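# Reading the structure
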Amino acid sequence: MSVNILFAADQADWPDYEIPLREALTTEGLEFDLRTTFDPQVVDYIVYAPSSDVQDFTPYTRLKAVLNLWAGVEGVAGNQTLNVPLARMVDHGLTQGMVEWVTGHVLRHHLGMDAHIVNPAHEWALGAPPLAEDRPVTILGYGALGTACGEALRTLGFPVTGWSRRPGDTPGINRLHGSDGFTKALETAAILVLLLPLTIDTENLIDADALARLPKGAVIINPGRGGLIDDAALIAALDEGHISHATLDVFRVEPLPADDPYWAHPKVTVTPHIASETRPKTAARTIAQNIRRAEDGLPLNHLVDRDRGY
Ligand code: NDP
């Protein structure tokens, strides 16, 4: 039986997604009609982005599942009009992009590259950085992206701590969880990477107390979500010198307003939510495989726990 699939993400992305989606759906042996508009009552699946015009799912009476194109689902997980399974994006391209961004920024701080890239006085300053094995990195949020980044950093020699909600066991990684684990994860973090989803439990997690638990001089790298950090507390900790630098990719308001203090702060690097993005070719396969699973009566991969919010 043919399924009707609505592409309800940013319409500017449609030209990039149309052919990969058609190819991946065909590879899965699905008969389908894939479009950017449909009568809502005949739609079986929605390929979705939380920025979409579709915010009320009530008219979609035949809907079987929503396939989110983003890893982050805070913009849709709480939608009370959505009563069918919601899957988030786990995509090879998204993961690899995040590994490259996180590794690059960790190495920038670890090696102290700025001192040589910007060296107006042409100082011949000797002194090698410590080895990676002497620079512990903590990753808060050890899911799809955190795990991939942790493995890459471990391979480079960094001692890696990974903190998650549930206990985990990963060879070569110091796995911690819960509130006791949170304190320990912070206390050893020379570099702290945030790869948590934004939920009611994680909002403002990095507040003044959490920042105070980090070792003096720690660096924060946040490609997770802006709401994870209490911005005023972070700026205070940077000004006091307790935190030496923050590299931030995500913000409460995006684009970051021109008058936001982060832009001008000498100890802050702003990147414009480019840490990683979903890649149409690989993401199309994830979407098509999930539609195939749903049609076969199997649970979706990467199903969102709507109560937990991720
Ligand atoms: P996952 O759902 O795979 O991983 C989330 C991790 O966070 C899990 O380890 C989970 O624990 C942990 N977690 C969630 N809530 C808590 C909590 N209350 N206490 C402790 N740990 C918690 O997500 P991804 O790795 O795929 O993505 C993570 C986030 O990265 C996304 O939600 C998004 O916000 C961000 N992102 C940013 C991008 C960018 O370009 N800047 C691009 C893509 C994603 P457990 O394992 O126990 O469930």
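Everything here concerns the structure above.
An account of the accompanying structure is given in this report. (Residues numbered from 1 in each chain as written. Predicted model: local features only at pLDDT ≥ 70, side-chain atom pairs only at ≥ 80, totals over all residues. Heavy atoms only, no water.)

## Section: the packing of aromatic side chains
The relative placement of two aromatic rings is captured by the distance of their centres and the angle of their planes. Throughout the structure, instances matching the rule amount to five aromatic pairs. Between the aromatic rings of Phe7 and Tyr17, the centroid separation amounts to 5.6 Å while the plane-to-plane angle is 40°, which identifies the pairing as tilted. With Phe7 in strand E1 (residues 3-8) and Tyr17 in helix H1 (residues 14-27), this pair connects stretches of sequence that are ten residues apart. The exposure class of Phe7 is buried, given its relative accessible area of 0%. Residue classification places Tyr17 among the buried positions, given a relative accessible area of 5%. On the basis of an interplanar angle of 55° and a centroid distance of 5.4 Å, the ring pair of Tyr48 and Phe57 is categorised as tilted. Of the two residues examined, Tyr48 and Phe57, each falls in the buried class. Following the ring pairs from residue to residue traces out a cluster consisting of Phe7, Trp14 and Tyr17. (Phe/Tyr/Trp six-rings, centres within 6.5 Å; stacked < 30°, edge-to-face > 60°. Helix = DSSP H or I, 4+ residues; strand = E, 2+ residues; numbered from the N terminus. Buried < 20%, exposed > 50% of the residue type's maximum accessible area, 1.4 Å probe, protein only.)

## What to know about unusual backbone geometry
With the exception of glycine, most residues fall at negative phi, and the peptide bonds are largely trans. Along the chain, Glu254 connects to Pro255 via a cis peptide bond; the corresponding omega equals -5°. With respect to the secondary-structure elements, Pro255 resides in the loop between strand E11 (243-248) and helix H8 (261-264). In this structure, His122 takes a positive phi of about 50° despite not being glycine. Tracing the sequence through the fold places His122 in the loop between helix H3 (114-117) and strand E6 (137-140). Look at His302: it is not a glycine, yet its phi comes out positive at around 60°. Looking at His302, the relative accessible area reads 32%, which means it is partly exposed.

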